[in-house]
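Structure at a glance
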2 protein chains.
Amino acid sequence: MTVLQMQALSAKHAARILAAAGTAKKNEALNAISAAILAGQEDILSANREDLESAGQSGMSESLLDRLTLSRERIAGIAEGVRQVAALPDPIGEVTRMTTRPNGLVIGRRRVPLGVIGIIYEARPNVTVDAAVLCLKSGNAVILRGGKEAFRSNAALVRIMRDTLERSGLPRDCICFVEDTSRKSADELMGLRGYLDLLIPRGGKGLIRSVTEHARVPVIETGVGVCHVYVEKDADLQMGAEILFNAKCSRPSVCNAAETLLVDRSVAREFLPMAYEFLKGRNVELRGCITTQEILGDIVVPATAEDWDTEYGDYILSVKVVSGMDEALSFIARHGTGHSECIVTNNYLSAQRFLNEVDAAAVYVNASTRFTDGFEFGLGAEIGISTQKMHARGPMGLEELTSSKYVIYGTGQLR
Amino acid sequence: MTVLQMQALSAKHAARILAAAGTAKKNEALNAISAAILAGQEDILSANREDLESAGQSGMSESLLDRLTLSRERIAGIAEGVRQVAALPDPIGEVTRMTTRPNGLVIGRRRVPLGVIGIIYEARPNVTVDAAVLCLKSGNAVILRGGKEAFRSNAALVRIMRDTLERSGLPRDCICFVEDTSRKSADELMGLRGYLDLLIPRGGKGLIRSVTEHARVPVIETGVGVCHVYVEKDADLQMGAEILFNAKCSRPSVCNAAETLLVDRSVAREFLPMAYEFLKGRNVELRGCITTQEILGDIVVPATAEDWDTEYGDYILSVKVVSGMDEALSFIARHGTGHSECIVTNNYLSAQRFLNEVDAAAVYVNASTRFTDGFEFGLGAEIGISTQKMHARGPMGLEELTSSKYVIYGTGQLR
């Protein structure tokens, strides 16, 4: 048996105990974890400084260094997040439907934990805590496999959480941590059939593709978003420019940011210069179709076929002028990743048609794609955004980390 | 592009049109299919006779021949089943929750089809129709890949359904049929990433294992059931014997049939002879632990380690005497397949503990495991029984063939 298999077996055992723990016990542990993270911040910061030194030496980019960095404020934010999860309703045990059948059988459908959840993620140490506490609240044991850049920070956070679990009377192994941060451990996690009930990859496209293609355990695909804003002929163009700017520029690195603008030919000449007034303030690079180039001139880089399928994650926007709704819908069907899509229009029929025909996790009329998020949707928490259709689609909160079982009360019924 | 990829692309196109079709149109097509199956019964029976001849020549077993055989009565049953699916509520379009957020965004969660569903199945031709019409009703295109034994029967049924779709104004390719019944086509289906939204294997353990291990598309694991009946110390023993007999003998070949009896030591001496009185009428072979052998003597075959993990699908029952609830729960956790588990008891605490702690799709108190079935559970229809935890668990009806999308109505909200 490998180290990872032994850990997974311990996690499985811990999951059985956790599944039977009541809400009060879980919340007590969560609040204790929140307090312990605050109390242990010196240790966490010192571990984080070591991570930052190594990362600096290996020449990590500014933006990645920023994501890796912890501070007193960020730790306070993490601790507050844990308290908020404690305050959320417990999904476990809810009976979502219950009927009495003609033969007298009483059949209920009860929400239960999935069991053991594996999470493979990259640089940010806050994911370590977010993922662990969401799993804990939903009654699942978790196996955390973070990136090597944040190894010391993650290890410090996990140590605090495991110690606190034990003091709260829950098994330490409700939260397991993979110490091997090499490719090998990720590959092994993907193959842990019979141990892992779910594996969630969080991170770049390469990681997600590798996991979805090679995993032998159930996976939820998250977060690749080539999102479109479609400014239709009957749009309020001012609103269109504001939504586009917000969708592209409020945080370009995230998956719900817009990558492509589609605009109706009949309003393109008026709209594109308006949009550019917003975008130029952030030096957004425009990569446009021929008509876009004609309208905006030299500021537009000619778009290649590849652009339409690229998640830039940066201040770059591809722009395509379309003949109308039909072309916009086909374009989105072909190039969208099923994440978030937006139409700006004041035409009722166009709005309804877009909502009906676009096949994506979140379809917007007159609002920024940036709202696709568990907190914004009112789920209270989020472990990722599913871009698949099975099990969960869109932002995943606590309910999406559960399964169900039928409980049947009989009095001797035979079939 | 292979033939199968082209079919899948046609199915994908058909699925987009079907997703936008209303309930009335789908029901009209379903009722027309029902009528067309009745009207075409001569063609179906003649195709079935050819299948039966080939199967007879190749030495197929009696029970498989029976499953392959169609008759006027069976065809009438199939047609009636289609009418019943037409009469079920349409799951598509239902908004399962809708809220207005503090910023005025109105966010609804709407039920939508999955897209294209592949089904790999074995001998029974009725599955061809069941699967096709459940997918049609839930707005999904389907790719059917049946076994070679039923090829001509399946082809005749599919021809009738596709012709009827066309007459009803829906694309023929809502129902696609794989003509290649070799291993190769099954392998290719498993690899159709980007085309198939779901693949459901229906059939023996070998098929299901092969699909779950090799598929590169989302899969729902169905139907392997090593189900236990646990007769607890406070059981009504007469009821226990009746439930055990029903669970084992009413239809031993199906996945919700019991394979193992667990009985508390304190009642074993009284219960086992009572149970045997029932079971001997069907010549059920008993494979028992040492205590079972001591109590029932020579009629018991000594059980091997393998027996506890075997789905016999036959008139064979493994029997284990346990020291009490703890041992019963551990035994089920170790050897159960998460399908259906039953306790017979009049003890309130034991019943509750069993319901809480057994991790299976369906957990019963005082009723036969044979009830795990979409019709018996009131779902109106069934495409299989999921033994996994993700997406669907237990009997899968129309709702389980759907996904969701968030539809968001804004008035210019920015984040």
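Structure shown above.
Parameters and conventions
Residues numbered from 1 in each chain as written. Chains lettered and ligands numbered in written order. Predicted model: local features only at pLDDT ≥ 70, side-chain atom pairs only at ≥ 80, totals over all residues. Heavy atoms only, no water. Contact = heavy atoms within 4.5 Å. Buried area = accessible area lost by both parts, 1.4 Å probe. Salt bridge = Lys/Arg side-chain N within 4 Å of Asp/Glu carboxyl O. Polar contact = N/O pair within 3.5 Å; in protein donor to acceptor, adjacent residues only side chain to side chain. Helix = DSSP H or I, 4+ residues; strand = E, 2+ residues; numbered from the N terminus. Nonpolar A, V, L, I, M, F, W, Y, C, P; charged D, E, K, R; others polar. Pairing = 2+ DSSP bridges. Patch = residues over 30% accessible without salt bridge, like charges linked within 9 Å, V, L, I, M, F, W, Y side chains within 5 Å. Areas by Shrake-Rupley, 256 points an atom, 1.4 Å probe, with all protein chains shown as cover. Buried < 20%, exposed > 50% of the residue type's maximum accessible area, 1.4 Å probe, protein only. Axes fitted to C-alpha atoms, helices over the stretch in contact; angles between N-to-C directions.

Before going further, it helps to examine the interface of chain B and chain A. Quoted interface sizes are often the accessible area lost when the parts come together. Listed as interface residues are 71 residues of chain B and, on the opposing side, 71 residues of chain A. Across the chain B to chain A interface the summed buried area is about 6,000 Å²; carbon plus sulfur atoms make up 48%. It is B:Met390, B:Tyr406 and B:Arg415 that lose the most area in chain B upon contact with chain A, and together they represent 14% of the buried surface on that side. Where chain B meets chain A, there are 12 salt bridges. A salt bridge links B:Arg97 to A:Glu399, with the nearest nitrogen and oxygen atoms 3.6 Å apart. The interface formed by chain B and chain A contains 43 residue pairs in polar contact (both at pLDDT 80 or more). Counting residues per element, the ones that place at least two in the side of chain B that touches chain A are strand E2 (106-113), helix H9 (205-214), helix H10 (237-249), helix H13 (325-335), helix H14 (348-357), strand E13 (362-367) and strand E16 (402-413) of chain B. Element by element, the count of residues in the side of chain B that touches chain A is highest for E16(B), at 11 residues. Grouping the amino acids of the side of chain B that touches chain A by side-chain chemistry returns 32 nonpolar, 18 polar and 21 charged. Bridge count between strand E16 (residues 402-413) of chain A and E13(B): 5 bridges; the pairing is parallel. Within the sheet, the bridge partner assigned to A:Ile408 lies in E13(B) and is B:Tyr364.

Taken together, A:Met1, A:Val3, A:Met6 and A:Leu9 make up a surface patch of nonpolar side chains, about 430 Å² in accessible area. Structurally, the position occupied by A:Leu9 is in helix H1 (residues 3-20).

Once that is clear, we can look at the pairing of strand E3 (residues 116-121) of chain A. Residues and elements named next belong to chain A. With respect to burial, E3 is a largely interior element, 6 of its 6 residues being buried. The two faces of E3 match: Val116, Gly118 and Ile120 on one face and Ile117, Ile119 and Tyr121 on the other face are all buried. Bridge analysis of E3 against strand E4 (residues 141-145) gives 5 bridges, and the strand direction is parallel. Of the residues in E4, the one forming a bridge with Ile117 is Val142. One ladder, built from 5 bridges, connects E3 with strand E6 (residues 198-202); its direction is parallel. Among the inter-strand pairings, Tyr121 is bridged to a residue of E6, identified as Arg202.

A few words on the sheet that holds strand E7 (residues 227-231) of chain B. Read from one edge of the open sheet, 10 strands run E1(A)-E2(A)-E16(A)-E13(B)-E12(B)-E7(B)-E8(B)-E11(B)-E9(B)-E10(B), paired in mixed fashion. Edge strands, defined here as strands with exactly one partner in the open sheet, are strand E1 (95-100) of chain A together with strand E10 (300-302) of chain B. With direction set aside, neighbouring strand axes in the sheet form an average angle of 25°. Pairing analysis gives 3 bridges linking strand E9 (residues 285-288) of chain B to E10(B), with the strands arranged parallel. Looking at the pairing, B:Leu286 lines up with B:Val300 of E10(B).

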